[in-house]
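If you want the building blocks of each chain, they are given just below.
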Amino acid sequence: MCTPVHAEGNEGDVVDLRVEQGDDGLYLSAGVPFELPTAMEDALYKGIAMHFTAEVAVLRERWYWYDKPVASASRNFRLSFQPLTRRWRLQVVAEGPGLTLSQNFDTLPETLTALQRIARWKIADSASVDTSARHNLAFVFRLDVGKLPRPFQIGALGQKDWSLVVRRTQRLVVEPAR
């Protein structure tokens, strides 16, 4: 049984960010709309893979110090184009060994639609979230420039076409289990 967690806060580039409380933890679902810059699209068509990272942190508010991190999770995405077969490939790598999902697509828009949608991602265990405290959620989706080939890393510094960051911070109100 999952119950929705109420979210209060500022609207960001992330749409439809929902956090649900299940019996075993918190689950995140979100839409991450973005336009792929022309330079990235050109590099993809030339066979260079793009790596993206989604990171989320659950922070417990403290009045006397910085917010305390109580849970965090990350997920890596690898987007690539196979020029010989003219197929797109999206690999999703979650935390932990051997947790990889690969999907093939015919077109770039189909691939981007799958990349921009995150569904029921477990971000925290039930034991790590105190229902009597206030919590904030920090979500970041970005291009991982450090995993590009070295010449692209050097050329990407300070260029707008190679910076892709989508983020949102919001307050969570976690309800006690019934």
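Throughout, a residue's number is its position along its own chain's written sequence, starting from 1. At least 70 in pLDDT is required for a residue's local features to be given in this predicted model, at least 80 for side-chain atom pairs to be given and counted, and no such filter applies to totals for whole chains, interfaces and linings, which use all residues. The side-chain numbers reported here are obtained from all heavy atoms of the structure, hydrogens and water having been left aside.

Helical segments are the DSSP runs of H or I of at least four residues, strand segments are the runs of E of at least two, and each set is numbered from the N terminus. Each helix and strand counted, the protein has 3 helices and 10 strands in total. If you list the helices and strands of the protein from N to C, you get β-β-β-α-β-β-β-β-α-β-β-α-β. Using a 1.4 Å probe on the protein chains alone, a residue whose accessible area is under 20% of its type maximum counts as buried, one over 50% counts as exposed, and one in between counts as partly exposed. Considering the protein as a whole, with its 178 residues, one finds that 40% of them fall into the buried category. Note on definitions: a residue-residue contact is assigned when non-hydrogen atoms from the two residues lie within 4.5 Å. Within the protein, contacts between residues separated by at least 24 positions form 61% of all contacts whose residues are at least 6 apart in sequence. Residue burial considers only the protein chains on display, and all accessible areas are found by Shrake-Rupley using a 1.4 Å probe. For the protein, the accessible area works out to roughly 10200 Å², and carbon and sulfur atoms hold 52% of it.

Turning our eyes to something else, we now look at unusual backbone geometry. Phi angles above zero are rare outside glycine, and Asp16 is one such case at about 55°. Assignment of secondary structure puts Asp16 in strand S2 (residues 15-21). For Arg86, which is not a glycine, the phi torsion comes out positive at approximately 60°. Along the chain, Arg86 falls in the loop between strand S5 (68-82) and strand S6 (87-94).

Attention now moves to the confidence of the model for the protein. A residue's pLDDT is the predictor's confidence in that residue, given on a scale from 0 to 100. In this model, the protein carries an average pLDDT of 81, and 82% of its residues clear a pLDDT of 70 or more. For the protein, strand S1 (residues 3-9) is the element with the lowest average pLDDT, namely 43, and helix H2 (residues 108-115) is the one with the highest, namely 94.

A separate point is H2. Inspection of H2 places Leu108, Thr111, Leu112, Ala114 and Leu115 among the buried residues, and these make up the whole buried set. Taken end-on, H2 shows its buried residues confined to a sector of 160°, consistent with a single buried face. Polar contacts here mean pairs of N or O atoms no more than 3.5 Å apart (in protein, one a potential hydrogen donor and the other a potential acceptor; neighbouring residues in sequence count only if both atoms are side-chain atoms). N-cap assignment for H2: the residue whose side-chain oxygen lies 3.4 Å from the backbone N of Glu110 is Thr107. The directions from the helix axis to the C-beta atoms are what the arc is built from.

Attention now moves to the nonpolar core. Membership of the largest hydrophobic core comes to 45 residues, with the highest contact counts inside it found for Leu28, Met50, Phe52, Phe139 and Phe141. Beyond its immediate stretch of four places on either side in the chain, Phe139 contacts Val14, Leu28, Val32, Ala54, Glu55, Val56, Ile118, Trp121, Val166, Arg167 and Arg168. What is meant by a nonpolar core is a set of buried Ala, Val, Leu, Ile, Met, Phe, Trp, Tyr and Cys residues, joined one to another through side-chain atoms within 4.5 Å.

Before going further, it helps to examine helix H1 (residues 38-45). Buried within H1 are the following residues: Met40, Ala43 and Leu44. Across the axial projection of H1, the buried residues extend over an arc of 100°, all falling on one side. Phi turns positive one or two residues past the end of H1, at Gly47, with a value near 95°.

Quick look at the pairing of strand S4 (residues 50-60) now. Judged by how many residues are buried, S4 sits mostly within the fold: 8 of 11 residues are covered. In this sheet, S5 lies alongside S4 in antiparallel orientation, the contact comprising 11 bridges. Across the sheet, Met50 pairs through a bridge with Leu79, a residue of S5. Taken together, the 9 bridges between S4 and strand S9 (residues 135-143) define a ladder with antiparallel strand orientation. Among the inter-strand pairings, Val56 is bridged to a residue of S9, identified as Phe139. A pair of strands is labelled paired if DSSP reports no fewer than 2 bridges between them.

Moving on to the packing of aromatic side chains. Two rings from Phe, Tyr or Trp (for Trp, the six-membered ring) form a pair when their centres sit within 6.5 Å of each other. Planes less than 30 degrees apart are called stacked, planes more than 60 degrees apart edge-to-face, and all others tilted. Inspection of the entire model under this criterion finds 8 aromatic pairs. Plain terms: the ring middles of Phe34 and Phe52 are 6.0 Å apart, the flat faces sit at 35° to each other, and that makes the pair tilted. Separated by 18 residues along the polypeptide, Phe34 in the loop between strand S3 (25-31) and H1 and Phe52 in strand S4 bring together distant segments of the chain. Residue Phe34 shares its accessibility class with Phe52, and that shared class is buried.

Gaps left between atoms show up when a probe the size of a water molecule is rolled over them. Note on definitions: the grid is 1 Å and covers protein atoms alone; a cavity is a set of points where a 1.4 Å probe fits but cannot get out; a pocket is an open set with protein on both sides within 12 Å along at least five of seven lines; lining residues have an atom within 4 Å of a point. Grid points are joined across faces, edges and corners, and a volume is the space filled by probe spheres set on the points. What the second largest pocket holds in volume is close to 180 Å³. Forming the boundary of the second largest pocket are Arg75, Phe77, Leu90, Val92, Leu101, Gln103, Ala114, Leu115, Arg117, Ile118 and Ala119. Elements with a minimum of two residues in the lining of the second largest pocket: S5, S6, strand S7 (100-105), H2 and strand S8 (117-125). With 3 residues, the top contributor of residues to the lining of the second largest pocket is S8. When residue character is reported, Ala, Val, Leu, Ile, Met, Phe, Trp, Tyr, Cys and Pro are called nonpolar, Asp, Glu, Lys and Arg charged, and the others, Gly included, polar. Classifying every residue of the lining of the second largest pocket gives 8 nonpolar, 1 polar and 2 charged.

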